[in-house]
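What follows is the residue order along each chain.
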Amino acid sequence: MYEQKTKETDRSVVEFIENVESPKKREDAYKLLDIFTETTGYEAKMWGPSIIGFGSYHYKYESGHEGDAPLVGFSPRKAKISLYFATGDTRRKELLKDFGKHTTGKACVYINKVADIDVDVLKALISQSVRFLKETYSIS
């Protein structure tokens with residue numbers, strides 16, 4: 001049976017951020033922590049060794065695969081900062097038009113630094129992702 005790798009842990013979010021090598025990435029991580037906490041209303045939790053997540057939901061695919069994941073989150077990785085939003089949300093693409101300098105993956109949006117993006121659009125992306133997942137997975 002499949003064992004989910006990225007699970008919520010009891011590790012300290014602040015301790016994780018303090019161990020980010022780059023002082024600039026560390027500073028951006030604290031900015032993002034404030035933005036995500038304020039926008040979602042959820043307390044930050046560590047998911048796996050390197051993802052800072054907010055809220056959670058349980059998903060189940062048609063294939064039978066299921067698990068838990070944060071509603072939204074981010075990770076200050078060495079190369080870029082990964083922002084995690086809902087997959088399948090068609091509104092994300094529209095919001096990203098005015099986001100600023102970024103690249104995208106299936107579930108991730110990658111940025112170099114917070115100064116490259118429009119923080120108001122980031123807040124809209126966070127709110128939209130949470131709303132989409134709450135509607136899709138009937139989360140209260």
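Computed from a prediction, not measured in an experiment: that's the story for all the values here. (Residues numbered from 1 in each chain as written. Predicted model: local features only at pLDDT ≥ 70, side-chain atom pairs only at ≥ 80, totals over all residues. Heavy atoms only, no water.)

**Overview of helix 4 (residues 119-136)**
- For helix 4, spanning 18 residues, the distance from its first C-alpha to its last is 25 Å, which sits close to the expected 26 Å at 1.5 Å a residue.
- Residues of helix 4 that are buried make contact with helix 2 (23-40), strand 3 (57-60), strand 5 (72-76), strand 6 (81-84) and helix 3 (91-96).
- Measuring from the backbone nitrogen of Asp-120 back to the side-chain oxygen at the start of helix 4 gives 2.9 Å, which picks out Asp-118 as the cap.
- Downstream of helix 4 by one or two residues, Ser-138 has phi in the positive range, about 50°. (Helix = DSSP H or I, 4+ residues; strand = E, 2+ residues; numbered from the N terminus. Expected span 1.5 Å × (residues − 1). Contact = heavy atoms within 4.5 Å. Polar contact = N/O pair within 3.5 Å; in protein donor to acceptor, adjacent residues only side chain to side chain.)

**A look at helix 2**
- Between its first and last C-alpha atoms helix 2 spans 26 Å; for 18 residues at 1.5 Å apiece the expected length is 26 Å, and the two agree.
- Listed in full, the buried residues belonging to helix 2 are Lys-25, Asp-28, Ala-29, Leu-32, Leu-33, Ile-35, Phe-36 and Thr-40.
- Considering only its buried residues, helix 2 is in contact with helix 1 (13-18), strand 1 (44-47), strand 2 (51-54), strand 5, strand 6 and helix 4.
- Phi turns positive, to about 80°, at Gly-41, one or two residues after helix 2. (Buried < 20%, exposed > 50% of the residue type's maximum accessible area, 1.4 Å probe, protein only.)

**Things to note about the pattern of salt bridges**
- Tallied over the entire structure, the rule returns seven salt bridges.
- As a salt-bridge pair, Glu-21 and Lys-78 come within 3.5 Å of each other at their nearest N and O atoms. Of this pair, Glu-21 sits in the loop between helix 1 and helix 2 while Lys-78 sits in the loop between strand 5 and strand 6, placing them 57 residues apart in sequence.
- Connected through salt bridges with shared partners, the residues Glu-27, Asp-28 and Lys-31 form a single ionic network. (Salt bridge = Lys/Arg side-chain N within 4 Å of Asp/Glu carboxyl O.)

**What about the nonpolar core?**
- Membership of the largest hydrophobic core comes to 36 residues, with the highest contact counts inside it found for Phe-36, Ile-52, Phe-74, Leu-83, Phe-99 and Leu-122.
- Here this core takes seven residues from helix 4, the largest share from any one element. (Core = buried A, V, L, I, M, F, W, Y, C linked by side-chain atoms within 4.5 Å.)

**Overview of a negative patch on the surface**
- Among the surface-exposed residues, Glu-8, Asp-10, Glu-43 and Asp-68 lie close enough to one another that they form a single negatively charged patch.
- Tracing the chain through its elements places Glu-8 in the segment before helix 1.
- The exposure class of Glu-8 is partly exposed, given its relative accessible area of 42%. (Patch = residues over 30% accessible without salt bridge, like charges linked within 9 Å, V, L, I, M, F, W, Y side chains within 5 Å. Areas by Shrake-Rupley, 256 points an atom, 1.4 Å probe, with all protein chains shown as cover. Lys, Arg positive; Asp, Glu negative; His and termini not counted. Charge placed at Lys NZ, Arg CZ, Asp CG, Glu CD.)

**Comments concerning the side chain of Ser-82**
- Structurally, Ser-82 is set in strand 6.
- Excluding residues within four positions of it along the chain, Ser-82 makes contact with Gly-73, Phe-74, Ser-75, Arg-77, Val-109 and Tyr-110.

**Thoughts on the packing of helix 2 against helix 4**
- One way to put it is that helix 2 packs onto helix 4 with a least axis distance of 10 Å and a crossing angle of 45°. Here helix 2 lies oblique to helix 4, going by the angle between them. The way helix 2 lies across helix 4 gives a crossing that is right-handed. Only Val-119, Leu-122, Lys-123, Ile-126, Ser-127 and Val-130 of helix 4 make contact with helix 2, whose side of the interface consists of Leu-32, Ile-35, Phe-36, Glu-38, Thr-39 and Thr-40.
- Looking at the contact of helix 2 with helix 4 residue by residue, the class counts come to seven nonpolar, three polar and two charged. (Axes fitted to C-alpha atoms, helices over the stretch in contact; angles between N-to-C directions. Parallel < 35°, antiparallel > 145°, perpendicular 65-115°, else oblique. Left-handed = near helix turned anticlockwise from the far one by under 90°. Nonpolar A, V, L, I, M, F, W, Y, C, P; charged D, E, K, R; others polar.)

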